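Each chain, written out:
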Amino acid sequence: MLLRSVSNDMGYISSTCRKLYSRFSSQYVITIDEFDGFSVNQIFEAAEIYLDARSSSSTKRVRVRKAEKDDDITVTMERDEVVSDNFDGIRLKWTLNCRESENQILFSPSDLNSSLRSQVRYFQLSFHKKHKHKVFEFYLPYVLKRAKAIREEKKVLKLYTVRSENMYTNLGSVWSSINLDHPATFQTLALDPELKRLIIADLDRFVERRDFYRSVGKAWKRGYLLYGPPGTGKSSLVAAIANYLNFNIYDLELSDLRCNSEFRRLLATTATRSILVIEDIHCTIDMQDPHNKMTLSGLLNFIDGLWSSCVDERLIIFTTNDKDRLDPALQRPGRMDMHIHLSYCTATVFQALASKYLGIQEHPCFEQIEVLIQEVNITPAEVAGELMRHNDTEDALRGLTQFLRVRKNETSS
């Protein structure tokens, strides 16, 4: 009884002291929780990025990590550490804290271990209360802006795929990721120069028109349809677009989904500045399959319904080998805004491939090869494969010529 009484008295005294300190202290404290409800708090995420860039020089304890394919060591702020900052003459103090919490399903697209938590982190930002207005109006927006710039500078592109084992449970994230190390760029892509110019111009226009999309009441997204036979470079073009924009890729097989609600769940956990790739769209929605309740109307509702605005600055890229099998409702502007035909190899594409793989701009064999290319259907991937078979330029071109002659004879017979 005595211990309980003393404990209650100490709790009361502690609470009273905190209230008195809060009343008479000149310090103002902002608490920034890691999660807002069941999703990540963007201010916490921005503060973490911003402070990690400062913690190595201003703290005594840090965490370091390095993934196998990362170039640099990542330094992060340790729990209970303090980072000081100065903004326009204001002295600020950041502290990273942690508190116990009941297990919850919490998901951050940037943290694949964030799903099941017994502890949650939070920052406390303290400063003189006379600067309250300036901190809210200028400092926190500055932190958000700097974090975005740092994130883009250090961003390692990711390729996300669905975790099928988590699709029908609440055990964690339904996305898993690996680093996207695909080397394709618009400089290395064997693509018709005029088509390449049109695609780059369209991408540039899209990322610069945030205010325009808002002013006309449209979700900030754009849909591309890549169509053509296998081996014509659809996957390489997707990778080149991701590398050009510095966007992560979410690769989705609609045939893995059982219903529209699962589709919505997946979309709700994707991040901004990303590319959603739906491959082989001509065969992924089978309206006659009784086990697959993923419908065309569900897909259309995502593309231009309310769910289309769940993530900003997103590209949706559909690929198909057979455009004629697509429902016309999918192909109209607003859903598939730009149709990009990737066809068989042409003389122009061959010249780009020869420059890329052999390092030559012209050769006496070019004329004969270009004539043969016009007479047979051969994909850029097949041409590249033949050019890579030999180290010697002469052998590579002779081998390609022979390959084209065989293909022509096979086609004629």
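Structure first, text after, so check above.
Residues numbered from 1 in each chain as written. Predicted model: local features only at pLDDT ≥ 70, side-chain atom pairs only at ≥ 80, totals over all residues. Heavy atoms only, no water.

**Q** How should I be thinking about the overall build of the chain in this particular structure?
**A** In terms of helices and strands, the chain carries 14 helices and 15 strands. Put simply, the chain has 413 residues, and 43% of those count as buried. Of all intrachain contacts in the chain linking residues separated by at least 6 positions in sequence, the fraction that spans at least 24 positions is 69%. (Helix = DSSP H or I, 4+ residues; strand = E, 2+ residues; numbered from the N terminus. Buried < 20%, exposed > 50% of the residue type's maximum accessible area, 1.4 Å probe, protein only. Contact = heavy atoms within 4.5 Å.)

**Q** How do you make sense of unusual backbone geometry when you look at a structure like this?
**A** Excluding glycine, residues mostly carry a negative phi; peptide bonds, for their part, are mostly trans. Despite not being glycine, N246 has its phi angle at roughly 65°, a positive value. Checked against the element boundaries, N246 lands in the loop between α6 (234–245) and β12 (248–252). Located in the positive-phi region is R273, a residue other than glycine, with phi close to 50°. For R273, a relative accessible area of 17% gives the class buried.

**Q** Sorry, what's going on with the pattern of salt bridges here?
**A** Pairing between side chains of opposite charge can happen when their charged atoms approach one another. Scanning the model with the defined rule gives 16 salt bridges in all. In this structure, D202 and R205 form a salt bridge, with 3.2 Å as the shortest nitrogen-oxygen distance. On the criterion of helical spacing, the pair formed by D202 and R205 is a turn pair, its members being three residues apart in helix α4 (residues 193–207). Residue class for D202 comes out buried when judged on its relative accessible area of 5%. For R205, a relative accessible area of 41% puts it in the partly exposed group. Among the ionic pairs, E386 bridges to R389, the shortest N-O distance being 3.8 Å. Overall, the relative accessible area of 13% leaves E386 in the buried class. Here the salt bridges do not stand alone but share partners, grouping E34, E48 and R121 into one network. (Salt bridge = Lys/Arg side-chain N within 4 Å of Asp/Glu carboxyl O.)

**Q** Explain α6 to me, please; I cannot follow it from the model alone.
**A** An ideal rise of 1.5 Å per residue puts 16 Å on twelve residues; α6 measures up with 17 Å between its terminal C-alpha atoms. Taken together, the buried positions of α6 are K234, L237, V238, A239, A240, I241, A242 and L245. On the buried face of α6, the contacting elements are α4, β11 (221–227), β12, β13 (274–278), β14 (314–320) and β15 (338–341). Count one or two residues on from α6 and you reach N246, which has phi positive near 65°. (Expected span 1.5 Å × (residues − 1).)

**Q** Even after reading the chapter, I still don't get the sheet that holds β12, so can you show me in this structure?
**A** Pairing between the strands of a sheet is mediated by backbone hydrogen bonds and can be parallel or antiparallel. Within the open sheet, the seven strands sit side by side as β10-β9-β12-β13-β14-β11-β15. Their pairing is mixed. Of all strands in the sheet, those bounded by a partner on one side alone are β10 (175–179) and β15. On average, adjacent strands in this sheet sit at an angle of 25° to one another, irrespective of strand direction. In this structure, strand β9 (residues 158–162) lies alongside β12, joined through two bridges in parallel fashion. The residue bridging L159 from the neighbouring strand is I249, located in β12. Each of β11, β13 and β14 touches helix α9 (residues 296–304); the most contacted strand, β14, lies at about 145° to it. (Pairing = 2+ DSSP bridges. Axes fitted to C-alpha atoms, helices over the stretch in contact; angles between N-to-C directions.)

**Q** Mind showing me how you'd approach the side chain of T319 here?
**A** Structurally, the position occupied by T319 is in strand β14. Look past the residues within four positions of T319 in its chain and what remains in contact with it is L226, K234, I278, E279, D280 and I281.

**Q** Sorry, what's going on with the nonpolar core here?
**A** Inside soluble globular proteins, nonpolar side chains tend to come together where they are buried. Residues I199, L203, L237, I241, I275 and I340 are the most contacted members of the largest nonpolar core, which totals 30 residues. Sorting the residues of this core by element identifies α4, β11, α6, β13, β14 and β15 as the ones contributing at least two each. Element by element, the count of residues in this core is highest for α6, at seven residues. Here I275 is in contact with V238, I241, A242, F247, N248, I249, Y250, L315 and I317, once residues within four sequence places are set aside. Grouped together as the second largest cluster of nonpolar side chains are 25 residues, Y250, L299, L300 and L330 included. (Core = buried A, V, L, I, M, F, W, Y, C linked by side-chain atoms within 4.5 Å.)

**Q** Is there a simple way to think about the packing of aromatic side chains in this case?
**A** A ring pair, where both rings are aromatic, is described by two values, the distance of the centres and the angle of the planes. In this structure the tally under the stated criterion is 15 aromatic pairs. Measuring from ring centre to ring centre gives 5.6 Å for Y28 and F127, while their planes differ by 40°; the resulting arrangement is tilted. Separated by 99 residues along the polypeptide, Y28 in strand β1 (residues 27–33) and F127 in strand β8 (residues 116–128) bring together distant segments of the chain. A residue is classified by how much of its surface remains accessible, and F127, at 1% relative accessible area, is buried. An aromatic cluster is present here, built from F44, Y50, F87, W94, F123, Y139 and Y142 joined pairwise through their rings. Between R209 and the ring centre of F212, over which it is positioned, the NZ or CZ distance is 3.9 Å. (Phe/Tyr/Trp six-rings, centres within 6.5 Å; stacked < 30°, edge-to-face > 60°. Lys NZ or Arg CZ within 6 Å of the ring centre and 35° of its normal.)

**Q** Help me understand the packing of helix α12 (residues 366–375) against helix α14 (residues 393–412) in this model?
**A** For any two helices packed against each other, one specifies the crossing angle of their axes together with the interaxial distance. Running from N to C, α12 and α14 point in directions that differ by 30°, and their axes come no closer than 10 Å. Compared by their axis directions, α12 and α14 come out roughly parallel. Helix-helix and strand crossings are classified by hand; for α12 and α14 the assignment is left-handed. In this structure, α12 uses F366, Q368, I369, L372, I373 and E375 to contact α14, whose residues at the interface are L397, L400, T401, L404, R405 and K408. Counted by class, the contact of α12 with α14 contains seven nonpolar, two polar and three charged residues. (Parallel < 35°, antiparallel > 145°, perpendicular 65-115°, else oblique. Left-handed = near helix turned anticlockwise from the far one by under 90°. Nonpolar A, V, L, I, M, F, W, Y, C, P; charged D, E, K, R; others polar.)

**Q** Teacher, can you tell me more about the pairing of β15 here?
**A** Both faces of the sheet carry side chains from a regular strand, because those side chains alternate between them. Only one face of β15 is covered, namely the one carrying M338 and I340; the face carrying H339 and H341 has none of its residues buried. Note that β11 and β15 share four bridges and pair parallel. Its bridge partner being in β15, Y224 is matched across the sheet by M338.

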